[in-house]
Amino acid sequence: MVDASTDGRVQRGNETRRAVLARSVQIASVEGLGALSIGRLAADLKLSKSGVFAGFGSKEELQLATVRAASRMFYDAVVAPVEALPDGRAKALALCEQWLAYSRDRVFDGGCFFYAVGAEFDAQPGPVRDALAAAALAWERNLEDLLRAAAAAGELPAGTDPVDTAFLLIAALETANAQSLLHDDPSRYDRAARTIRRLLAA
């Protein structure tokens, strides 16, 4: 039989962890993963430092948990809505449109979480960089696979290179994200959408 007091502590611990991660992904998207600290999160959420520390144990684990939480949010916002579509050009276009909506709608306060923290850690070897690189590579490979399927089905112009095209699509997405923030100009998303449609023209 599960001890009721133990079960209650586990539940409270899980609730604290969820609250901390909900806050940490937003802070990191604006200020970077380096801005995260046990003390700051405890103060922001009016929790005890020991309670927050118990859920993570170190700043690095907090950062890694934040990356994992952001990955789940990205999947829910971008990948899941189009997952049932058949692989090919239409799915690649829909996926890019979901990405633009994810950035435009500020799922993360700082726009795309991974764009924001990628530059922070791209020259810092270690587990956090490895986690961010794995997430970026998974996104890149997803697009490449869809473009390969589109090319095989004759949905793209002859000679289209799926790897180069995925690179250009990601560049358009990330540029729209960065410039919309820097210039406070949501029209950058419209420009990116037009560019993406041209790149994926049948």
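Being a predicted model, the structure only gives us computed values, none of them experimental.

1. Some remarks on the pattern of salt bridges
Inspection of the entire model under this criterion finds 9 salt bridges. Ionic pairing is found between Glu61 and Arg68, a salt bridge with its closest N-O pair at 2.6 Å. Accessibility expressed as a relative area gives 25% for Glu61, which makes it partly exposed. Its salt-bridge partner being Arg104, residue Asp190 comes within 3.2 Å of it at the nearest N-O pair. Of the two residues, Asp190 is situated in helix H9 (residues 187-199) and Arg104 in helix H5 (residues 89-104); the sequence distance between them amounts to 86 residues. By relative accessible area, Asp190 is classed as partly exposed at 36%. On the basis of relative accessible area, Arg104 is assigned to the partly exposed category, the value being 35%.

2. Some details on unusual backbone geometry
With glycine set apart, most residues show a phi of negative sign, and most peptide bonds adopt trans. The phi torsion at Lys46 lies on the positive side, around 55°, for a residue other than glycine. Inspection of the secondary structure assignment puts Lys46 in the loop between helix H2 (38-45) and helix H3 (49-56). The exposed category is assigned to Lys46, whose relative accessible area is 75%. We note that Asp184 has phi near 50°; this positive angle belongs to a residue other than glycine. Structurally, Asp184 is set in the loop between helix H8 (162-183) and H9. What makes Asp184 exposed here is its relative accessible area of 68%.

3. Section: the packing of aromatic side chains
Within the structure shown, the criterion is met by 7 aromatic pairs. For the ring pair Phe113 and Phe114, a centre distance of 5.0 Å and an interplane angle of 75° mean the geometry is edge-to-face. Take Phe113 and Phe114: they sit in the same class, and that class is buried. These aromatic residues form a ring-pair network of at least three members: Phe74, Trp99, Tyr102, Phe108, Phe113, Phe114 and Trp139.

4. What about the packing of helix H4 (residues 59-79) against H5?
Packing of H4 against H5 brings their axes to within 8 Å, and their N-to-C directions diverge by 125°. Considering the angle they form, H4 stands oblique to H5. On the side of H4, the interface is formed by Phe74, Ala77, Val78 and Val79, while H5 contributes Leu95, Gln98, Trp99 and Tyr102. For the contact of H4 with H5, the residue count by class is 7 nonpolar, 1 polar and no charged.

5. Considering a positive patch on the surface
On the surface, Arg191, Arg194, Arg197 and Arg198 cluster together to form a positively charged patch. Mapping Arg197 onto the fold places it in helix H9. Owing to a relative accessible area of 42%, Arg197 belongs among the partly exposed residues under this scheme.

6. A short note on the layout of surface pockets
Approximately 690 Å³ is the volume found for the largest pocket. Lining the largest pocket are 27 residues, and of these Phe114, Leu132, Ala135, Ala136 and Glu174 sit closest to its centre. Broken down by secondary-structure element, the contributors of at least two residues to the lining of the largest pocket are H4, helix H6 (113-121), helix H7 (127-152) and H8.

How each quantity is defined
- Residues numbered from 1 in each chain as written.
- Predicted model: local features only at pLDDT ≥ 70, side-chain atom pairs only at ≥ 80, totals over all residues.
- Heavy atoms only, no water.
- Salt bridge = Lys/Arg side-chain N within 4 Å of Asp/Glu carboxyl O.
- Buried < 20%, exposed > 50% of the residue type's maximum accessible area, 1.4 Å probe, protein only.
- Helix = DSSP H or I, 4+ residues; strand = E, 2+ residues; numbered from the N terminus.
- Phe/Tyr/Trp six-rings, centres within 6.5 Å; stacked < 30°, edge-to-face > 60°.
- Axes fitted to C-alpha atoms, helices over the stretch in contact; angles between N-to-C directions.
- Parallel < 35°, antiparallel > 145°, perpendicular 65-115°, else oblique.
- Contact = heavy atoms within 4.5 Å.
- Nonpolar A, V, L, I, M, F, W, Y, C, P; charged D, E, K, R; others polar.
- Patch = residues over 30% accessible without salt bridge, like charges linked within 9 Å, V, L, I, M, F, W, Y side chains within 5 Å.
- Areas by Shrake-Rupley, 256 points an atom, 1.4 Å probe, with all protein chains shown as cover.
- Lys, Arg positive; Asp, Glu negative; His and termini not counted.
- Charge placed at Lys NZ, Arg CZ, Asp CG, Glu CD.
- 1 Å grid on protein atoms, 1.4 Å probe; cavity = no way out; pocket = protein on both sides within 12 Å on 5 of 7 lines; lining within 4 Å.
- Points joined across faces, edges and corners; volume = space filled by probe spheres on them.

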